[in-house]
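Architecture and fold: a report
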Amino acid sequence: MKIGICSDHAGFQYKSSLVPFLQKKGIEVHDFGTDSEVSMDYADVAHPLACALENGTVDLGIALCGTGNGMAITLNHHRGIRAGLAWSSEIGRLVKAHNNANVLVLPARFISLAAAKRIISTWLETSFEGGRHQRRIEKIPVQ
Ligand code: RB5
């Protein structure tokens, strides 16, 4: 399992803790930055993560910014991406089970690090339910 991770400055501290957290689960982590708490623009790391997912370099992605919205909005411009924002474990479960999100987006300024870890674990352990949800996600792409 290969996971790409990225954050802006608002998510940098959490990302620094989440990389070893994921590695301890046996996951190969590709870190797309940013590399400090210096203010930067989330799109500069979100697009490279999305491209890596689209070309198969990584299997899933995790993205963090202050609210999560900048990352989610940017990532969802890519045809191969379904980025879902989650702020609780139950939403982390549903965003995989119902939406098959291939990028989990976390609002670093609004959840604890412990919550971020719980949400990630739940998202990773959950399977897409398919069925009516498959039909629904197939209607998402703009022709
Ligand atoms: C950075 O201040 C903040 O705007 C960013 O992390 C994110 O919340 C944007 O959506």
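The paragraphs below set out a description of the structure included in this document. (Residues numbered from 1 in each chain as written. Predicted model: local features only at pLDDT ≥ 70, side-chain atom pairs only at ≥ 80, totals over all residues. Heavy atoms only, no water.)

1. A word on the overall build of the protein
- Scanning the protein for helices and strands turns up 6 helices and 5 strands.
- Listing each helix as α and each strand as β along the protein from the N terminus yields β-α-β-α-β-α-β-α-β-α-α.
- Seen through its C-alpha atoms, the protein measures out along the principal axes to roughly 40 × 30 × 25 Å.
- By element, 50% of the accessible surface of the protein is carried by carbon and sulfur atoms, the whole surface being about 7100 Å².
- Of the side chains in the protein, 15 bear a positive and 13 a negative charge, and the two mean positions are spaced by 9 Å. (Helix = DSSP H or I, 4+ residues; strand = E, 2+ residues; numbered from the N terminus. Areas by Shrake-Rupley, 256 points an atom, 1.4 Å probe, with all protein chains shown as cover. Lys, Arg positive; Asp, Glu negative; His and termini not counted. Charge placed at Lys NZ, Arg CZ, Asp CG, Glu CD.)

2. Section: a positive patch on the surface
- Taken together, the side chains of R132, R135, R136 and K139 define a basic patch exposed on the protein surface.
- Tracing the backbone shows R135 in helix α6 (residues 132-138). (Patch = residues over 30% accessible without salt bridge, like charges linked within 9 Å, V, L, I, M, F, W, Y side chains within 5 Å. Salt bridge = Lys/Arg side-chain N within 4 Å of Asp/Glu carboxyl O.)

3. Quick word on the pattern of salt bridges
- Tallying each qualifying case throughout the model produces 2 salt bridges.
- Of the charged contacts in the structure, one is a salt bridge between D31 and K15, with a shortest N-O distance of 3.0 Å. Of the two residues, D31 is situated in strand β2 (residues 28-31) and K15 in helix α1 (residues 12-23); the sequence distance between them amounts to 16 residues.
- By relative accessible area, which is 42% here, D31 ends up partly exposed.
- Between R93 and E90 there is a salt bridge; the shortest N-O distance is 2.9 Å. Taken together, the residues R93 and E90, both in helix α4 (residues 89-97) and 3 residues apart, mark about one turn of the helix. (Buried < 20%, exposed > 50% of the residue type's maximum accessible area, 1.4 Å probe, protein only.)

4. Considering the sheet that holds strand β4 (residues 83-85)
- Spatially, β2-β1-β3-β5-β4 is the arrangement adopted by the 5 strands of the open sheet, whose pairing is parallel. The open sheet has two edge strands with one neighbour each: β2 and β4. This sheet shows a mean twist of 25 degrees between the axes of neighbouring strands, independent of strand direction.
- Relative to β2, strand β1 (residues 2-7) is paired through 4 bridges, and the arrangement is parallel. Residue pairing for β2: K2 is matched across the bridge by E28.
- Against the sheet, α1 engages β1, β2 and β3 (60-65), with an angle of about 170 degrees to β1. (Pairing = 2+ DSSP bridges. Axes fitted to C-alpha atoms, helices over the stretch in contact; angles between N-to-C directions. Contact = heavy atoms within 4.5 Å.)

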